[in-house]
Each structure stands twice: as structure tokens, then as C-alpha cells.
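Here is what each chain is made of, one letter per residue.
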Amino acid sequence: MSQATAEVAATSRRWRRFRRNPTAAVGLAIVALVVLAAIFAPWISPYPDHVGAVVNFRARHQPPSAHYWLGTDNVGRDILTRVLFGYRISLILAATVLIFAVPVGVVLGLLAGYFGGWTETIIMRANDIALAIPPLVMALAVTTVLTPSLVHSMLAIAALWWTWHTRLIFSIVRTLRQQEFVEAAKTLGASRFHILFRELLPNCASAILVKTSLDFGFVILVGAALSYLGLGVQPPTPDLGTMVASGADFLPERWWESLFPGAAILVAALGFNLLGDGLRDLFDVESV
Amino acid sequence: MSEEPLLAVERLSIDFETEGRVAHILREVSLEVPARRHVALVGESGCGKSVTMRAIMGLLTTPPAKFRGGEIRFDGANLLRLSGREREALRGTAMSMVFQDPTSSLNPVFTIGDQMGSILKYADRRLKRSRNAVERKARIAEVLGQVRMADPERISRAYPVMLSGGMRQRILIAMALLSEPRLLIADEPGTALDVTTQAQILKLLRELVEARGLALLMITHNLGVVRESADHVFVMYAGCVVEQGPTHAVFAKPRHPYTRALMACIPKLSGGGAMRGIDGSLPDYSAPPPGCRFEPRCPLAVSACLKAPPHFEVAQGQSAACWRLEATE
Amino acid sequence: MEFVYFLIRRVLWSLLVLIGLSITIFLIARVMPGDPARMALGPRASQQQVQDLKVKMGLNLSLTEQYERFAVGLAHGDLGLSFLTKRPVNDDIRETFAATLELVLVTIVIAFAIGVPLGVVAAVNKDGWIDNSVRLLTIFGAVMPSFLLALLLQVLAGYVLHILPTTGRITPDSPVIANITGLLLVDTLLKGDLAGFWDALRHLFLPAIALSAVTTGQIARITRASMIDVAKQDYVEAARAFGVPDAVRIFKYMLRPAFVPPMTIMGLEFASLIGNAFVVELVFVWPGMASYGVRSILQKDLNALMGVVMISGLFFVVANLSVDVLVGVVDPRVRIRGMRA
């Protein structure tokens, strides 16, 4: 088969597998919904001004109704609106963390895996140390030391998150390093840069994609836990974790104030998890 | 062969069904293994010999395998008519298998003694024998002695990772012998080992056949091994037995075009001549040739070959499935 | 012998990790803007009081000198003085440590006791309805925020159904339980105090479930994958060919080699387990180290914070060492070759 036909065959195989794999499809659908909801929040939410420091005492603690689909919170703000805007915060947080953590982690993993020796020792030992710190604890420490805010929580989570990617890429590269195409490239005089980024990196691409998808969900969870403890985004900016925390005071009678934001977190995490799982099946990546 | 052979496979046909496609793996395979005989089933990779072997042992999972016809008779009884339990009762007791790769066929986390003890314990249970731990140990030592392993005590306590490849292969054979089987099936014996060790293993198998009266069915792709040890050979191609006969006869005068091509492929140490292969490749089992399966690659093929040829007797005990036997005199 | 060398190397690695951890957390704590002494004493304390506290805490020394003090203190097991309570952090932590330890241990037990069988069944029943259900459970465990689960359980079992207590470790005003190990479940049994045992168990139940949700799912998933891998191995087919009965084949022959990945994962999971414990302990008002940690963080009590982080790190390191030892016990290849397989 020619190269082109082979590639077409591979893509159509993948497409067939994707269609037979409901997990990825469902995950993608959920993620798409969440992302769209976040992007279009100002336009689709019923009470966009409830995002700010608004107080609506007459409508406090309303259960879900036709006016307020998900009910209102303790100062009368529409929960649906705040959930939609809360998604923005969660997604921005996750995206920012990963934009830093993934490249850093991948590069470190490549370097450690390919060069070995002292590079490997230093990088992987630092990695081990970072792994020994519970991410939440680190995040707590950092956000305490610097005042709690969105940026600081991103910093705190990103500070540890790269370690997982380093570890993953390191083990992949170590196996790949033995393979022939690396030898071949070296014999042809390829520069180290070329080998790292043009030969080894593409082979890690599917693993990176899968892990990043899964990570989106996990970072959202950690971020939510952080703001549940009051160390993330500060009020009145709507944030899902903070909403659960403030609603928790009114359980179990006013269940909607905690449940809906909590469910929103769950749905977002679920979507990314399913997507990552599905991608994992699709690309046949086992080591993630 | 006047009496009923211990193992007789008759016109066995098996299909494999996966993802909506059906592969006709075996077509009317017939072979026989009499007691006290060393029979070889030879063929290239992918010709169906492993499937045949697994079918005999009852290790095929149905689905995806489907039996389309034929019988497998062991000691007179048709195995395919037996229940799962009854077949399980035979495995490891009356018929045993020696696996190919000694490294991966032993469980790495248990000692040899542990593994052999387990096998023996459950075999005894199926045979309704009762042996206590001491008697089991004695039997294990006995069997290890039969495969010429010194110091059975030390071996029993060892883990597979501590032993060499040759030793592990002997242990696999010993495991197969624990319940005094009547039929031994050896899957590519010694291929995973160096040539010297392989020769020792083959010698050992030979001795077992002669000394203990075993029936040995050896599955292999290595013609040299067949020539050295086997009494009788069945040549397989693409799921069919194309030729069979006493080893010396088949090697001296192969009659089926495939067998001849195979023999020609063996590099000769003297006489020069270039290395040759056989043009073409194995057929697609989901759409196999309607007649003789070797037809697409056969230099002697004619239009008659589009119908499947039966076996024709060409010499005493030797037969080949070909329409063009006159061309291979 | 190889194994002993292996363990020694791992111990040294652990020490290295702890040292690195101490440096990291020290730097973080000291980098903080603002004056910790001032913050601890509040705005109405006099300058002199603040200065005195500074000297007492050693904050007037250079950074390296401070670290030296810290490190030396650590080596002796002394975690410094709490800014807030003015007591040695050691004492504060010791009280709360046992509570967290008990919770974490029970969680691990649950995770294995439920996760492993689920994984085995899912693997045997591959792609069947049990497998898919287990997969579903695993996914939910992974995506459910632990604080949400904790809250839900609390509401459901505690307030709605009224069948389990929702806060604390034991019913208040119950007779004092002797403090032998600090682990209530063990102590009550040692004393034959069945009522106390039952009480402690009831209190443990909900927090442990909330905490174990993620981990159980992970263990089940890894066990399943591992069993499937092992099932493809030749020696499993060989066992079948030798007529070993299915049940024995699965639970003895396959499970033992398959057990190593779940254990290893558990070691790594430990970090996130502790992280989740923070949140769960808060929801259930569990008097453990995590809530102590959160409180010290909220009060900006740096020494206490450092103490909590170091103890968490120690937890993690000890857990991983234990995993290494256990793996050596289960898999002789590791024992003999002296390295991770």
C-alpha cells in the first residue's frame, strides 16, 4: 500500500473505533457542552449580573423553580448563572495550569529520559521529592504564604503538576531510546534537538494527549477542593468549590445550594475523564 | 498400523470468527499418533499446527473458534463429544503438553516445587488418587530424575528465575510427566534454547518414548529436528495436511510440491547452490483458495487443482494430497 | 542479599527525598511576605513582644542558620514551636497523628479488600456487565470531588437516615479509652471494650468510605488491567493445560503476579490520599492531622505547617518503602535481582 493509502486506512480505522467507543464520544460531548457553557456564559445565563457583589434578599434560599432553575443561594443569587460562570473559572484554572505544567513536564521528561546520567538523576530525584508532597497540601501551603487568589492557586497546583508528565515521558523515552530509529537518526547525524523533538516527542504525543485530557478533570477537582477550603478564588467571584462550601452550611434543608455546584464539578470532571479514557482506548496507550 | 492409534484426528475442520469475519483455519486435517511412536507435525508459521495442537488438548476457546466437522479420538473416545469437565479430567493426566518457551511458561512467583505440587495435587484429585504431601514430593523427585535433573530438592525450592533455560525446559517436561500421561504433545521443543541444549532435550524426549512407551506428537517448523528424531511426519500447509509418511521416506522422496519446495529450502552444506525460498505467501484464511490451498504458489498447478485433492497413497504408509503426483515421481 | 542492597538504596533515596522536602517547605514558609511574628501576635502586641517572639523563634537569624536549626531539629524529631499555641509542634501533631493514621489505614484496607476482588471479577468477566459496572464505579470514584461525597454521605446517612454519626471519632462523653497505640480500633479490642470498638467503628465508617472512593476505584482498575496482562502470559495457559482448576488458577496463579502493580500504585496514590484526607477530615470534623494542618494554614502558623508537611512526606516515604518490601515478598524476581521488575 502506498503511504497515502496506508494513512487513510489508519484514519478510517481510528474513526471506526471511535464510533464504536461510546466513552470517548460521550466524554467529548460533555466537555464540549461545558466549554460552550463557559464561553457563552454571559449570554446564556438568566441573571448575568448575579455574578458580582449583588444582593437580592427577597429571593434568598429559593428552591429550584421556573424563575430560578437551580434555585438561589443565601444572598439570593441565581445558582444556574453562578454555576455557568463558575465553569469559566474552573476551565481557566485548568487550562493555565496545564499550559505551564505539560510543556515543562514533557521537556524535563525528554531530557531525563534521553540523556540519562546526571541529568536523569537530578531531574528524577527532584521529581520524586515533588511526588512526595500531596498536591493539595502544597497548594494550601503556597496559597497561604501568598494570599489566596485564583492566580496563586494556579501557581500552586502547577508547581507540582509537571511531575506526573515528567514521569510519564521519562518512562516512554527510556523505552524508545533503545529502539532502532533513534540509532538511525544518530547515525545520520541528527542534532540532539532534532532527535528529542522531531523523533521522540511525536511518539509520546498520544500519551501526552490522553494524560492531558485526564488531567483537566483532575486539576478541576483539586482546584475545587482548594476553593472549598477557602483558598482559591475569593468571593464574590463565582467559583464552584466556594459555592459548595457556602452552601454546606445550609444542608440538608437547602440542598440545592451545595448539590448543584458540586454536581457541576462532577460533570466537568466526568467529561474529561471519559474523554481521556476513550482516547486511551483509541490510541491504545496503556501506560498512562 | 493395525491397531487403533492412541490419538487419531480425523478430518478436523475449524473456523475462527472475529469481528464478523470468518477464517477457515483448518480444513479436514487428519493425523494419527500411535503409542510408542514419535510423530512430528511440521509446517511454517501460521499453517495451523498450533491450532491443531490446542484443539487436541481442548485449549481452544469457542467462540471465537468453531468446530465445523471431524473427530478427535483419544483411546477410542471422541474428545469433541465429551463435556468440558471430562476433557479437563484428561488434561495433564492422560494427555500432557510441553510448552514452547521455558521462560514464560513457568509462573515466576512460585517455586518449582510449589507449581509441580499443585499440578500433581489437582491431577490426583481428578484421577481419584490420594497422595499426601510426602508422597507428592517423592513423585516430583522421581519425575525430575526421569528428566535427568540432579538434586531435585534444590530444584524444588528454586524459583524459575534462578534456573537456566535448559533446566526450565526439562522441568516443563517433568511437569508433563507427573501423572504418567500416555500422550505427550511437545510444542516446538527446544526452539527457545541453543542448539546443543536443544539436542539434549530431543534426546531426552526420544528416550522417554522408548523407555516409557509414550506417544509423542511433536509440533515444529524445524525440519532438521524432525529428521533427527521423528518416526513419522505430517506436513501441514495452510490448514491442510498435504503429505504424511515415515520420516525417512518423506525426506528421501517428498511427493507433494510443497514438501519438495520445503526440502529444497534447506541450505545444504555441500553442493553449493543459492538459498531459496518459496514464492508467495500463506493464503488469506477468510477467503482461501477453493481447491488445493497451495495452488496459488504451486509451480505444477493446473486447472484440476481448483478442486481439493484427496490423499493418494504413494508408497507404503506414505500419502500426499495432490493431483499432480505423476510429476513428482 | 541483593534485596537487602535494594532496600538500603531505597532507604537512602527516602532520606534524600525527606531532606529535599524539608528544604522546599522551609523555603516556601520563609519566603512569605509579611512578618510571621507580628501576624501570630496580632496588631495590638507591642513591638517588644514581637521582637521577643522573633528571637524566641529564631527569626532574627540568617536563612541558612534558620534552616540549620530546622534541620537539626528535624533530625532529632523536633519540629519546632508552634506560632499559635506556643507549644512544641510535636505535641500538637502527636495528638492528631493517630487519628489520621487510623483513617488512612482503614481506607487502604477498604481499598484493597473491595478494590482487588472487584478488579479480579471485572477481568474475568471482561467486557461483560460486571466489568462495565466496575468501570462505571471506578470512573465515579475518580471524578467525584471528595468533599462533595463526604457532604452527601454525611447528609444521607447522618441527617436523613440517622443511622451513623456524622462527626468526630467517638461519641462525646463516652468513657475514656486507654491510649495504647492511639488507634482506637486497636486499643478498644486490646482492652476488650466491645462497645467502644463498635462506637469507634461507626464513627470511622463514613469518613473512610468518603476517602476510599477514589482509591478503591484506582485499585480496581489497576488490578483489572494487571490480571488481563497476566492472563495473556504463557504460564497461565500452561496451568490450564495441566488441568489446574479455574478457581485456583485465577485466585492463586494469576492473582499473585498480578498483585504487584496495585501495590505500587497504592504507594504513589498515597500523596493524593493524604490530600483528600484534609478535606474529608474537615467535613467530618475528624480530629486528625489534616484539620490541624488546615487550621495552622489558615492561621498562618508556619512551624505547624512545616511540621504537617514533613509528617505527610514521612508518611508517603514510609508507605512507599513498605510497598517495596511487600513487592519483594510477593515477587521473587525483585528479591533475587535486587531491583524493581
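Predicted, not measured: the structure shown is a model, and the values here were computed from it.

1. Regarding the overall build of chain C
For chain C, the helix and strand inventory stands at 15 helices and 0 strands. Counting the 341 residues in chain C, one finds 46% classified as buried.

2. Here we look at the overall build of chain A
Tallying secondary structure elements over chain A gives 11 helices and 0 strands in all. Counting helices and strands in the order they occur from the N terminus, chain A gives α-α-α-α-α-α-α-α-α-α-α. Overall size of chain A, expressed as C-alpha extent along the three principal axes, is 75 × 50 × 30 Å. In chain A, which comprises 288 residues, the proportion classed as buried is 49%. The long-range fraction of contacts in chain A, counting pairs at least 24 apart against all pairs at least 6 apart in sequence, stands at 71%.

3. Points about the interface of chain C and chain B
Counting residues at the interface gives 19 residues for chain C, matched by 24 residues for chain B. Those elements giving two or more residues to the side of chain C that touches chain B turn out to be α10 (234–241), α11 (246–258) and α15 (332–337) of chain C. Considering every element that reaches the side of chain C that touches chain B, the biggest residue donor is α10 of chain C, with 6 residues. Of the residues that constitute the side of chain C that touches chain B, the class distribution is 11 nonpolar, 2 polar and 6 charged.

4. Notes on the sheet that holds strand β6 (residues 95–98) of chain B
Residue and element names in this part refer to chain B. Taken together, the 8 strands give an open sheet; going across it, the order is β6-β7-β8-β3-β9-β10-β12-β11, and neighbouring strands pair in mixed fashion. Each having just a single partner strand, β6 and β11 (312–315) make up the two edges of the open sheet. Ignoring which end each strand starts from, the neighbouring axes of this sheet average 20 degrees apart. Note that β6 and strand β7 (residues 183–187) share 4 bridges and pair parallel. Opposite Met-97, over in β7, you have Ile-185 as the bridge partner.

5. Digging into the interface of chain C and chain A
Contacts between the two partners involve 37 residues from chain C, matched on the other side by 33 residues from chain A. Listing elements by their share of the side of chain C that touches chain A, those giving two or more residues are α1 (2–31), α6 (129–143), α7 (146–160), α12 (260–283), α13 (289–298) and α14 (302–330) of chain C. Across the side of chain C that touches chain A, the residue classes tally to 29 nonpolar, 7 polar and 1 charged.

6. What to know about the packing of helix α3 (residues 112–127) of chain B against helix α4 (residues 133–146) of chain B
Residue and element names in this part refer to chain B. The contact between α3 and α4 brings their axes to 10 Å, and the two run at 110 degrees. Our classification of the angle between α3 and α4 gives roughly perpendicular. With respect to the hand of their crossing, α3 and α4 are arranged in right-handed fashion. Where α3 approaches α4, its residues Gly-113, Met-116, Gly-117, Leu-120 and Lys-121 are matched on the opposing element by Arg-136, Arg-139 and Ile-140.

7. A look at helix α11 (residues 256–283) of chain A
The terminal C-alpha atoms of α11 of chain A lie 40 Å apart, and with 28 residues this matches the ideal 40 Å at 1.5 Å per residue to within 8%. When you tally the buried positions in α11 of chain A, you get 23 out of 28 residues, the bulk of the element.

8. Quick word on the sheet that holds strand β4 (residues 65–74) of chain B
All names here are of chain B. One open sheet holds the 4 strands; their spatial order is β2-β1-β4-β5, and the pairing between them is antiparallel. The open sheet is flanked by β2 (21–33) and β5 (77–78), the only strands paired with a single partner. Of the strands in this sheet, β1 (7–18), β2 and β4 touch helix α1 (residues 49–57), which is tilted by about 110 degrees from β1.

9. As for the nonpolar core
Core analysis: the biggest nonpolar cluster contains 270 residues, and Val-219 of chain A together with Ile-185 of chain B have the highest contact counts within it. Here this core gets 20 residues from one element, more than from any other, and that element is helix α4 (residues 79–115) of chain A. If you count residues domain by domain, this core takes at least three from each of domain 1 (7–94 + 179–328) and domain 2 (95–178) of chain B.

10. Things to note about unusual backbone geometry
Of note, Glu-188 of chain B is a non-glycine position whose phi angle comes to about 45 degrees, a positive value. Position of Glu-188 of chain B relative to the elements: it lies in the loop between β7 and α7 (195–212). Its 20 C-beta neighbours within 10 Å are what place Glu-188 of chain B among the buried residues. Of note in the backbone geometry, Val-285 of chain C takes a positive phi value of approximately 50 degrees without being a glycine. By the secondary structure assignment, Val-285 of chain C is in the loop between α12 and α13.

Calculation notes
Residues numbered from 1 in each chain as written. Chains lettered and ligands numbered in written order. Predicted model: local features only at pLDDT ≥ 70, side-chain atom pairs only at ≥ 80, totals over all residues. Helix = DSSP H or I, 4+ residues; strand = E, 2+ residues; numbered from the N terminus. Buried ≥ 20, exposed ≤ 12 C-beta atoms within 10 Å, placed from the backbone. Contact = placed C-beta atoms within 7 Å. Nonpolar A, V, L, I, M, F, W, Y, C, P; charged D, E, K, R; others polar. Pairing = 2+ DSSP bridges. Axes fitted to C-alpha atoms, helices over the stretch in contact; angles between N-to-C directions. Parallel < 35°, antiparallel > 145°, perpendicular 65-115°, else oblique. Left-handed = near helix turned anticlockwise from the far one by under 90°. Expected span 1.5 Å × (residues − 1). Core = buried A, V, L, I, M, F, W, Y, C linked by C-beta atoms within 7 Å. Domains from an automatic or database assignment.

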